[in-house]
Amino acid sequence: QLQLVESGGGLVQPGGSLRLSCAVSLLTLDRYAIGWFRQAPGKEREGVSCIRNSGISTNYLDSVKGRFTISRDNAKNTVYLQMNSLKPEDTAVYYCAARKYGCIMSTSTYDYWGQGTQVTVSS
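Residues numbered from 1 in each chain as written. Predicted model: local features only at pLDDT ≥ 70, side-chain atom pairs only at ≥ 80, totals over all residues. Heavy atoms only, no water.

Colleague: Sorry if this is basic, but what is going on with the pairing of strand β9 (residues 92–100) here?
Modeller: The two faces of the sheet receive side chains in turn, since in a regular strand these alternate between them. Along β9, seven of the nine residues are buried, which leaves the element largely enclosed by surrounding structure. Pairing of strand β4 (residues 32–39) with β9 involves eight bridges; the strand directions are antiparallel. Considered in β9, the bridge of Arg38 is made with Tyr94. As paired strands, β9 and strand β11 (residues 117–121) are joined by three bridges and run antiparallel to one another. Paired with Ala92 across the two strands is Val119, which belongs to β11. (Buried < 20%, exposed > 50% of the residue type's maximum accessible area, 1.4 Å probe, protein only. Helix = DSSP H or I, 4+ residues; strand = E, 2+ residues; numbered from the N terminus. Pairing = 2+ DSSP bridges.)

Colleague: What should I look at first to understand the pattern of salt bridges in this one?
Modeller: Note that side chains of opposite charge can pair when their charged atoms are close. In this structure the tally under the stated criterion is four salt bridges. Residue Lys65 pairs with Asp62 through a salt bridge whose shortest N-O separation is 3.1 Å. Looking at Asp62, the relative accessible area reads 61%, which means it is exposed. Across the salt bridge formed by Asp90 and Arg67, the nearest N and O atoms sit 2.8 Å from each other. With Asp90 in the loop between β8 (78–83) and β9 and Arg67 in the loop between β6 (58–60) and β7 (68–73), this pair connects stretches of sequence that are 23 residues apart. Judged by its relative accessible area of 10%, Arg67 falls in the buried class. Put simply, Arg38, Glu46, Arg67 and Asp90 are held in one network by salt bridges that share partners. (Salt bridge = Lys/Arg side-chain N within 4 Å of Asp/Glu carboxyl O.)

Colleague: Before we go on, may I ask you to explain the sheet that holds strand β3 (residues 18–24) in this structure?
Modeller: Ordered by their spatial adjacency, four strands build an open sheet running β1-β3-β8-β7, and the pairing between neighbours is antiparallel. Edge positions in the sheet fall to β1 (4–7) and β7, since each has one partner strand and no second. Going across the sheet, the axis of each strand differs from the next one's by a mean of 15°, ignoring polarity. Across six bridges, β3 lies against β8 in antiparallel orientation. Within the sheet, the bridge partner assigned to Ser21 lies in β8 and is Tyr80. (Axes fitted to C-alpha atoms, helices over the stretch in contact; angles between N-to-C directions.)

Now the structure itself:
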């Protein structure tokens, strides 16, 4: 049973930074790609970033390129999303999710999901 738990959300001012963590309760994390998704009230869930099992391939939503960085530490069973230069439009519940191997941004292709962590960017 693969379980994911997000942490690191909170309230920050525009231009600030947060680092989200996704802890995975499995020792075979190297078999899974991990994606970060977000959902704001009244909007569809959208893919933010993903990283494949090897870590050599990543993908980003256009609006976060250059500001967000995804990384993984398989030895710690953890995937991170470093979020810099945050904007009010980044406000959402952020979820991490897992699928086998490949980095794909489509929400429907992920089999395992965390509970979400709230990120609020406001002055």
